[in-house]
Amino acid sequence: MTVTDIVDELRWRGLIALSTDEDALRKAFADGPVTFYCGFDPTAPSLHLGNLVQILTMRRIQQAGNLPLGLVGGATGLIGDPKPTAERVLNDPEVVAGWVDRLRGQISRFLDFEGEYAARMVNNLDWTSGMSAISLLRDVGKYFRVNNMIAKEAVARRLNSDAGISYTEFSYQILQGMDYLELNRRYGCTLQTGGSDQWGNLTAGTDLIRKAEGKSVHALATPLIVKADGTKFGKTESGTVWLDPELTTPYAFYQFWLNADDRDVSNFLRIFSFRTREEIEELERETAERPAARLAQRALAEELTTLVHGAEQYERAVAASKALFGQGDLADLEPATLAAALAEVPKATVAELLPIVDLLVEAGLAPSRSAARRTIKEGGAYLNNAKVTDEEATPADSDLLHGRWLVLRRGKRNLAAVELKSN
RNA sequence: GGCUGGUUGCCCGAGUGGCCAAAGGGAGCAGACUGUAAAUCUGUCGCGCAAGCUACGCAGGUUCGAACCCUGCACCAGCCA
């Protein structure tokens, strides 16, 4: 990839929803390495798939020969970016500090800290914690016009809502604007990227730099990812897909991509994959011809699971998926293979063999015993891949795989393991 | 602070004394069809094997009987100050 085509590349991938002067940005890229930044606020112990779009966009821009600054919002995380619907609950400073450390580690994995275009991690608490209220109001506040501030969509929506907005959250754009100014002064940063919902905050920074420094800098916003079925991207039935393997297992992460809707998979490839345009177009063509083969889903699942969790975890996820969804008899699996596969799915430990109804509840596959019975009645419950027909059934010792495991399934793809622990 | 209207199951929403575990829609779940996809169709959708229990903002009351009537409280919205 040459230095000059990164804007075209991002466009083709559908990663540019909004930008400041695009021609000027092209020229900046052409003229040499651009120092750019993208910020992540610590609002949870881990980043999620939505954040991954931003991280990977940074990675692309770095690979095109530019210098990334990964910003973790140690300060902005204490204030809270205004959500459209309601005021945020403030988190304790110690909690936020802990999350800052975790996010820094997560982001770092996707950037290159060596060589000519080495990345750097920064924390906006570094330049705000020592700042006085007077300095904030005199040195920075003078550059912000309230008329403009209340016109920003995030603020305007809240002003027009019953929830209203606190002065705390109203001030958020000032802090984010200051970040850009500070990074411009310290490192010559001239581009900020972010999600399109951040557009107001991105322009707060470009406006501030224009006024304070007399310089024109750039901002680039990626679009909100929309799925064909209208549901929010990055969520499954069990909730948000996190990048932290403790919060979302690599197996679940792999399954998320494997289960992508045919209609979405092309967009996902463009947004998330680092394959070349030719490779992606080939995959799109093959998927259109033979959707049943799900080549694109497999390719996506492989690439992203490997990128986020490593090759070893990817292999495990594949092996587990094959074992659990395979046609073969589960009893034929090697104990090690079975144990590894079952480690990827929810597990319940029991001291004795309970009726299937209870096991379904214990394993989290049914919310209540009534629901579990219903599932059996409907023919949706499986024990070791065999349909359960008797509501009152209790597994026998002979059903135990390798003397201690049972594999329960509800519907086509909800699996759980039950381990018998006899004392 | 005052007045008015409202608060029903995951969400929306009907229900104004027994026929209400509560219409209808959406979401969810399962089945059929498939490809661990989508669409479609079918079933299901408080807890309980059942008897029954718990539920219509909260607490009391009236009544043989209350989601429905009365009282108080809380919260939400609109209008007025």
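Conventions we followed
- Residues numbered from 1 in each chain as written.
- Chains lettered and ligands numbered in written order.
- Predicted model: local features only at pLDDT ≥ 70, side-chain atom pairs only at ≥ 80, totals over all residues.
- Heavy atoms only, no water.
- Helix = DSSP H or I, 4+ residues; strand = E, 2+ residues; numbered from the N terminus.
- Buried < 20%, exposed > 50% of the residue type's maximum accessible area, 1.4 Å probe, protein only.
- Contact = heavy atoms within 4.5 Å.
- Lys, Arg positive; Asp, Glu negative; His and termini not counted.
- Charge placed at Lys NZ, Arg CZ, Asp CG, Glu CD.
- Near = heavy atom within 4 Å.
- Polar contact = N/O pair within 3.5 Å; in protein donor to acceptor, adjacent residues only side chain to side chain.
- Nonpolar A, V, L, I, M, F, W, Y, C, P; charged D, E, K, R; others polar.
- Patch = residues over 30% accessible without salt bridge, like charges linked within 9 Å, V, L, I, M, F, W, Y side chains within 5 Å.
- Areas by Shrake-Rupley, 256 points an atom, 1.4 Å probe, with all protein chains shown as cover.
- Salt bridge = Lys/Arg side-chain N within 4 Å of Asp/Glu carboxyl O.
- pLDDT = per-residue confidence, 0-100.
- Pairing = 2+ DSSP bridges.
- Phe/Tyr/Trp six-rings, centres within 6.5 Å; stacked < 30°, edge-to-face > 60°.
- Axes fitted to C-alpha atoms, helices over the stretch in contact; angles between N-to-C directions.
- Parallel < 35°, antiparallel > 145°, perpendicular 65-115°, else oblique.

(A) Spatial organisation of the overall build of chain A. Looking only at helices and strands, chain A features 20 helices and 13 strands. When the backbone C-alpha atoms are referred to their principal axes, chain A occupies close to 80 × 45 × 40 Å. Split into buried and exposed, the 423 residues of chain A put 49% on the buried side. Look at the contacts in chain A between residues 6 or more apart in sequence, and 73% of them connect residues 24 or more apart. If you average the places of the 48 positive and of the 58 negative side-chain charges in chain A, the two averages end up 4 Å apart.

(B) Local environment of the protein's contact with RNA strand B. The local shell around RNA strand B holds 29 residues, among which Q255, N259, R294, S370 and R410 are the closest. When atoms of RNA strand B within 4 Å of the protein are sorted by moiety, sugar and phosphate together comprise 66%. A distance of 2.7 Å is found between a base oxygen of RNA strand B and a side-chain nitrogen or oxygen belonging to Q255. Contact distances for RNA strand B include 3.0 Å between a phosphate oxygen and a side-chain N or O atom of N414. Of all the secondary structure elements, the ones that give two or more residues to the surface near RNA strand B are α13 (250-258), α14 (262-272), α17 (311-325) and α20 (369-377). Element by element, the count of residues in the surface near RNA strand B is highest for α20, at four residues. Its residues placed into classes, the surface near RNA strand B shows six nonpolar, ten polar and 13 charged.

(C) Main features of a nonpolar patch on the surface. On the surface, V146, I150 and L159 cluster together into a nonpolar patch covering about 250 Å² of accessible area. Summarising the element assignment, I150 is placed in helix α8 (residues 146-151).

(D) Broad picture of the side chain of R13. Its place among the elements puts R13 in the loop between α1 (6-12) and β1 (18-19). On the accessibility criterion, R13 (4% relative accessible area) is buried. One polar contact links R13 to E9, side chain to side chain, over a distance of 2.6 Å. Once residues within four sequence positions are removed from consideration, R13 is found in contact with R60, L269, R270, I271, S273, F274, R275 and I280.

(E) Inspection of the confidence of the model for chain A at higher detail. Residue-level pLDDT values for chain A average 89, and 96% of them are 70 or greater. Scored as a complex, the prediction yields pTM 0.83 and ipTM 0.84.

(F) Region of interest: the environment of N385. Considering the arrangement of structural elements, one finds N385 in the loop between β10 (381-383) and β11 (386-387). Separated by 61 residues in sequence, N385 and L324 place their C-alpha atoms 8.5 Å apart. One polar contact links N385 to R409, side chain to side chain, over a distance of 3.5 Å.

(G) How the structure looks around the sheet that holds strand β13 (residues 414-420). The mixed open sheet is built from five strands, whose spatial order is β9-β13-β12-β10-β11. The sheet is open, and its two borders are formed by β9 (347-350) and β11, each paired with just one other strand. By the bridge criterion, two bridges tie β10 to β11 in an arrangement that is antiparallel. Of the residues in β11, the one forming a bridge with L383 is A386.

(H) Layout of the packing of aromatic side chains. Enumeration according to the criterion identifies twelve aromatic pairs in this entry. Measuring from ring centre to ring centre gives 6.2 Å for Y167 and F170, while their planes differ by 55 degrees; the resulting arrangement is tilted. Linking Y167 with F170, this pair stays in helix α10 (residues 167-170), spanning three residues, or about one helical turn. On the numbers, 5.8 Å between centres and 90 degrees between planes, the contact of W257 with F268 is edge-to-face.

(I) Here's a closer look at the environment of A363. Among the secondary structure elements, A363 is positioned in the loop between α19 (356-362) and α20. The class for A363 is buried, based on a relative accessible area of 7%. Setting aside chain neighbours within four positions, we find A363 in contact with P346, A348, L408, A416 and V418.

(J) Spatial organisation of the packing of α13 against α17. Their axes nearest at 9 Å, the elements α13 and α17 cross at an angle of 75 degrees. Relative to α17, α13 is oriented roughly perpendicular. Between α13 and α17, the contacting residues are P250, Y251, Y254 and Q255 on the first element and Q313, Y314, A317, V318, A320, S321, L324 and F325 on the second. Its residues assigned to classes, the contact of α13 with α17 shows nine nonpolar, three polar and no charged.

(K) Geometry of the sheet that holds strand β5 (residues 191-195). Sheet architecture is open: six strands sit in the order β1-β6-β5-β2-β3-β4, paired in mixed fashion. Of all the strands in the sheet, just β1 and β4 (120-123) have a single pairing partner and so form its edges. Note that β5 and strand β6 (residues 218-222) share five bridges and pair parallel. By the bridge assignment, Q192 is partnered in β6 with A219. Taken strand by strand, helix α5 (residues 93-108) contacts β2 (35-40), β3 (67-72) and β4, and its axis lies near 160 degrees from that of β4.

(L) Representation of a positive patch on the surface. Among the surface-exposed residues, R138, K142, R145 and K211 lie close enough to one another that they form a single positively charged patch. As for its position among the elements, R138 is in helix α7 (residues 133-140). Relative accessible area serves as the criterion here: at 64%, R138 is assigned to the exposed category.

(M) Inspection of the side chain of R409 at higher detail. The topology assignment puts R409 in strand β12 (residues 405-410). Residue contacts for R409: discarding those within four places in its chain leaves L365, G380, A381, Y382, N385, N414 and L415.

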